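The primary structure of each chain is shown beneath.
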Amino acid sequence: MLKQNLARICLMTMLLFFPTACKKQLGQDELQGAALYRTHCSACHDDAPEGLLKTPPRLEGIFRHPNLPDGVPATDDAVRSVILQGLRTMPAFDGRLQEQEVRSIIAYLHSKN
Amino acid sequence: MKSHEEPCSFQSALDRSWRSTRLLTLIVTGFLMLCAAIPTPTAAQLTESQQAATVKRYPLRGKVLSIQLSKQQITVQHEDIPGFMPGMTMPFHVKDASALKRLAPGDQISAVLLVRTADESYEVDEIRVLRPAAAGTSGGAVQGHPLQLGDSLPDAVLTNQDNKSVHLSSYRGKLLLVTFIYTRCPMPTACPMITSHFARVHALLSADAKLAAQSHLLSITLDPTYDTPQVLRRFGLAYLHDHPEGFAHWEFLRSEPAELQKLASTFGLEYHQEDHQILHTVRTLLIDKNGRVLRTWDGSSWKPQEIVDVMASAAPGAKR
């Protein structure tokens, strides 16, 4: 009986801590992406002020859906294109972000999935 | 009998041993999972000393472009930060607010960038001024002599989103609302907000035929090198809900890059361009039908209806 209880406790412990144990620490690329995201993206996509003609979409889980908000397939290339060229009222970051920086932001967006 | 019982006892012992091994495996696995869980607690679960251990320090060097006291931050054009990010221009929160008092735009500084890995936040600390800004400069900002109320708007030739030349003097006889933006502006409270406001002003004016006929809106770019007529047209259409006929009432203009400084000075704009980043003030001017400054609004906190009301009061026959 004692052994059975012990086994149950172990199982409960595993179930309780499994998600935390699986939580991924951000790598260097994602960490840089997080800093760049906070600088360039967060002001609109997380904390958009009232009064904008169109409220920018939140980007958590953007790669979990088959399509981006504008309807194109949610691929790295599509997101890269939106970041660099802009889309509708979203400004282009062409010239302000280097290729490596865009890749870091995309890596961070994947980590927010 | 004894010889018959022995195999049973052996089998029983084997069974007990197997169950004990299974239980032990379960306990060990549970313990290992618990150990694996311990190194990744949430930021809220960390003690202060543990959090300090997760802060990475990076040396930072660069030039202060602007200081935002209300936000306790500075915008720095910084060199490469080895192991963290390449050189760029960006705002940083300053850990010690008193350090801001010792800084001026144009100062060359060294500092330590503190990156907290738990919540990915960062801020600068231990700021030292390596070389103070030269006296009388403000990081390259253009110091203008702005038009005052009642002043006449001088003429200038610009190009619109359809690549057609337009003279500012050609709008005489209309109430002219003018502002400055650039399409790549990433500050939501600056150009995106002003352009959103203009879109609403355009819609409100268009709802009154007499008011629409007596008014015109201009958004002039501060980034004429990037903002070609094609770029301005695409940008304008997004705010006109893809109705190009709206350009007849609201145009998006660019000057020749060499003419921008003079134009911006005339309108009282201050701006600072570093590569592809433009730091600028926000100003909107209402020019009356005689080409004189009727009213100005600084910043983007004004309401579209407020401006429409002012324009309506200056337009005979308008509904308001």
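Predicted model, so just to flag it, every value in this text is computed and none were measured. (Residues numbered from 1 in each chain as written. Chains lettered and ligands numbered in written order. Predicted model: local features only at pLDDT ≥ 70, side-chain atom pairs only at ≥ 80, totals over all residues. Heavy atoms only, no water.)

1. Overview of the side chain of Arg 184 of chain B
Turning to step 1, where the next piece is worked out: Structurally, Arg 184 of chain B is set in the loop between β8 (175–181) and α3 (191–206).
Turning to step 2, where the next piece is worked out: Here Asp 94 of chain A takes part through its backbone oxygen, which lies 2.6 Å from a polar atom of the side chain of Arg 184 of chain B.
Turning to step 3, where the next piece is worked out: Ignoring sequence-local partners within four residues, the contact set of Arg 184 of chain B consists of Pro 91, Ala 92, Asp 94, Gly 95 and Arg 96 of chain A together with Asp 223, Tyr 226 and His 276 of chain B. (Helix = DSSP H or I, 4+ residues; strand = E, 2+ residues; numbered from the N terminus. Polar contact = N/O pair within 3.5 Å; in protein donor to acceptor, adjacent residues only side chain to side chain. Contact = heavy atoms within 4.5 Å.)

2. What about the packing of aromatic side chains?
Turning to step 1, where the next piece is worked out: Throughout the structure, instances matching the rule amount to nine aromatic pairs over all chains.
Turning to step 2, where the next piece is worked out: Measuring from centroid to centroid gives 6.0 Å for Phe 92 of chain B and Tyr 122 of chain B, while their planes differ by 70°, and the two rings are edge-to-face. Here Tyr 122 of chain B lies in strand β5 (residues 121–131) and Phe 92 of chain B lies in strand β3 (residues 88–93), a separation of 30 residues in the sequence. With respect to burial, Phe 92 of chain B and Tyr 122 of chain B carry one shared label: buried.
Turning to step 3, where the next piece is worked out: Each residue in the set Phe 198, Phe 235, Tyr 239, Phe 247, Trp 250, Phe 252 and Trp 302 of chain B is aromatic and connected to the rest through ring pairs, giving one cluster.
Turning to step 4, where the next piece is worked out: Directly above the ring of Phe 93 of chain A sits Arg 96 of chain A, whose terminal nitrogen or CZ lies 4.7 Å from the centroid. (Phe/Tyr/Trp six-rings, centres within 6.5 Å; stacked < 30°, edge-to-face > 60°. Buried < 20%, exposed > 50% of the residue type's maximum accessible area, 1.4 Å probe, protein only. Lys NZ or Arg CZ within 6 Å of the ring centre and 35° of its normal.)

3. Here we look at the environment of Asp 119 of chain B
Turning to step 1, where the next piece is worked out: Among the structural elements, Asp 119 of chain B can be located in the loop between β4 (108–116) and β5.
Turning to step 2, where the next piece is worked out: The sequence separation of Asp 119 of chain B and Thr 54 of chain B amounts to 65 residues, and the corresponding C-alpha distance is 9.9 Å.

4. Points about the sheet that holds strand β14 (residues 293–298) of chain B
Strand pairing in a sheet relies on backbone hydrogen bonds, with the paired strands running either antiparallel or parallel.
All names here are of chain B.
Turning to step 1, where the next piece is worked out: As summarised here, the arrangement of the seven strands in space is β7-β6-β10-β9-β8-β13-β14, forming an open sheet in which the pairing is mixed. At either end of the open sheet lies a strand with only one pairing partner, and these are β7 (165–167) and β14. The average undirected angle you get between the axes of adjacent strands in this sheet is 30°.
Turning to step 2, where the next piece is worked out: Relative to β7, strand β6 (residues 157–160) runs antiparallel, the two being bridged by three bridges. When the sheet's bridge partners are listed, Val 157 is paired in β7 with His 167.
Turning to step 3, where the next piece is worked out: α3 rests against β8, β9 (215–221), β10 (250–254) and β13 (283–287) of the sheet, and its axis sits at about 160° to β8.
Turning to step 4, where the next piece is worked out: Along the sheet, helix α5 (residues 229–239) contacts β6, β8, β9 and β10; its crossing angle with β10, the most-contacted strand, is approximately 150°. (Pairing = 2+ DSSP bridges. Axes fitted to C-alpha atoms, helices over the stretch in contact; angles between N-to-C directions.)

5. What about helix α4 (residues 76–85) of chain A?
Residues and elements named next belong to chain A.
Turning to step 1, where the next piece is worked out: When we look at burial in α4, the residues that qualify are Ala 78, Val 79, Val 82, Ile 83 and Leu 84.
Turning to step 2, where the next piece is worked out: Those residues of α4 that are buried are in contact with α5 (99–111).
Turning to step 3, where the next piece is worked out: At the C-terminal side of α4, Gly 86 shows a positive phi close to 80°.

6. Quick notes on the nonpolar core
Turning to step 1, where the next piece is worked out: Core analysis: the largest hydrophobic core is formed by 57 residues, its most contacted members being Leu 177 and Phe 267 of chain B.
Turning to step 2, where the next piece is worked out: Not counting residues up to four positions away in its chain, the partners in contact with Leu 177 of chain B are Phe 198, Val 201, His 216, Leu 217, Leu 218, Thr 284, Leu 285, Leu 286, Trp 297, Ile 307 and Met 311 of chain B.
Turning to step 3, where the next piece is worked out: In terms of nonpolar packing, the next biggest core, distinct from the first, is built from 44 residues, Leu 68 and Val 102 of chain A together with Val 76 and Leu 103 of chain B among them. (Core = buried A, V, L, I, M, F, W, Y, C linked by side-chain atoms within 4.5 Å.)

7. Side note on the pattern of salt bridges
Turning to step 1, where the next piece is worked out: Taken as a whole and judged by the stated rule, the model has twelve salt bridges over all chains.
Turning to step 2, where the next piece is worked out: As a salt-bridge pair, Arg 58 of chain A and Asp 46 of chain A come within 3.7 Å of each other at their nearest N and O atoms. In this pair, Arg 58 of chain A is assigned in the loop between α3 (42–45) and α4 and Asp 46 of chain A in the loop between α3 and α4, connecting sequence segments twelve residues apart.
Turning to step 3, where the next piece is worked out: Asp 46 of chain A sits in the partly exposed class, given a relative accessible area of 21%.
Turning to step 4, where the next piece is worked out: Linking Asp 223 of chain B and Arg 184 of chain B is a salt bridge whose minimum nitrogen-to-oxygen distance equals 2.9 Å. You can see Asp 223 of chain B sitting in the loop between β9 and α5 and its partner Arg 184 of chain B sitting in the loop between β8 and α3, a full 39 residues away along the chain.
Turning to step 5, where the next piece is worked out: For Arg 184 of chain B, a relative accessible area of 2% corresponds to the buried category. (Salt bridge = Lys/Arg side-chain N within 4 Å of Asp/Glu carboxyl O.)

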